[in-house]
Amino acid sequence: MPLPSFYRSGDGFRPWRISHAAACGAALGALAALFKKLAPLGVVGGLSDRPAGIAGIAAVALAFALLCAGAAMLRNFLARRLVWHEGR
């Protein structure tokens, strides 16, 4: 039984696009890492060690992309099993 909701979309239920979730996660991760590397609180350093800084930003972006893609896959799996009743 699905959880009750006051919001009803006219489109019905749709699966989340995993590629879109991964792209949004990568952008969010890159933005967060860039914000951390540029040291907005006045800490000296920033991107002075560029190869290590860029590699760190890429690693965080990849981690966020995988996290968001995994969350979208889990949501789609649970929605298919519990809400849409596919696979029964």
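From a predicted model like this one, the values you see are computed outputs, not experimental measurements. (Residues numbered from 1 in each chain as written. Predicted model: local features only at pLDDT ≥ 70, side-chain atom pairs only at ≥ 80, totals over all residues. Heavy atoms only, no water.)

Asker: Teacher, can you tell me more about the side chain of asparagine 76 here?
Answerer: Along the polypeptide, asparagine 76 turns up in helix H2 (residues 50–83). Within the structure, the side chain of asparagine 76 is placed 2.8 Å from the backbone nitrogen of tryptophan 16, a separation counted as a polar contact. (Helix = DSSP H or I, 4+ residues; strand = E, 2+ residues; numbered from the N terminus. Polar contact = N/O pair within 3.5 Å; in protein donor to acceptor, adjacent residues only side chain to side chain.)

Asker: Help me out: how do you make sense of the state of the cysteines in this one?
Answerer: Structurally, a disulfide amounts to a covalent bond that connects the sulfur atoms of two cysteines. Under the definition given, this model contains zero disulfides. Cysteine 68 supplies the cysteine sulfur nearest to cysteine 24, a cysteine that is in no disulfide, at a spacing of 7.7 Å. Relative accessible area serves as the criterion here: at 42%, cysteine 24 is assigned to the partly exposed category. (Disulfide = S-S within 2.5 Å. Buried < 20%, exposed > 50% of the residue type's maximum accessible area, 1.4 Å probe, protein only.)

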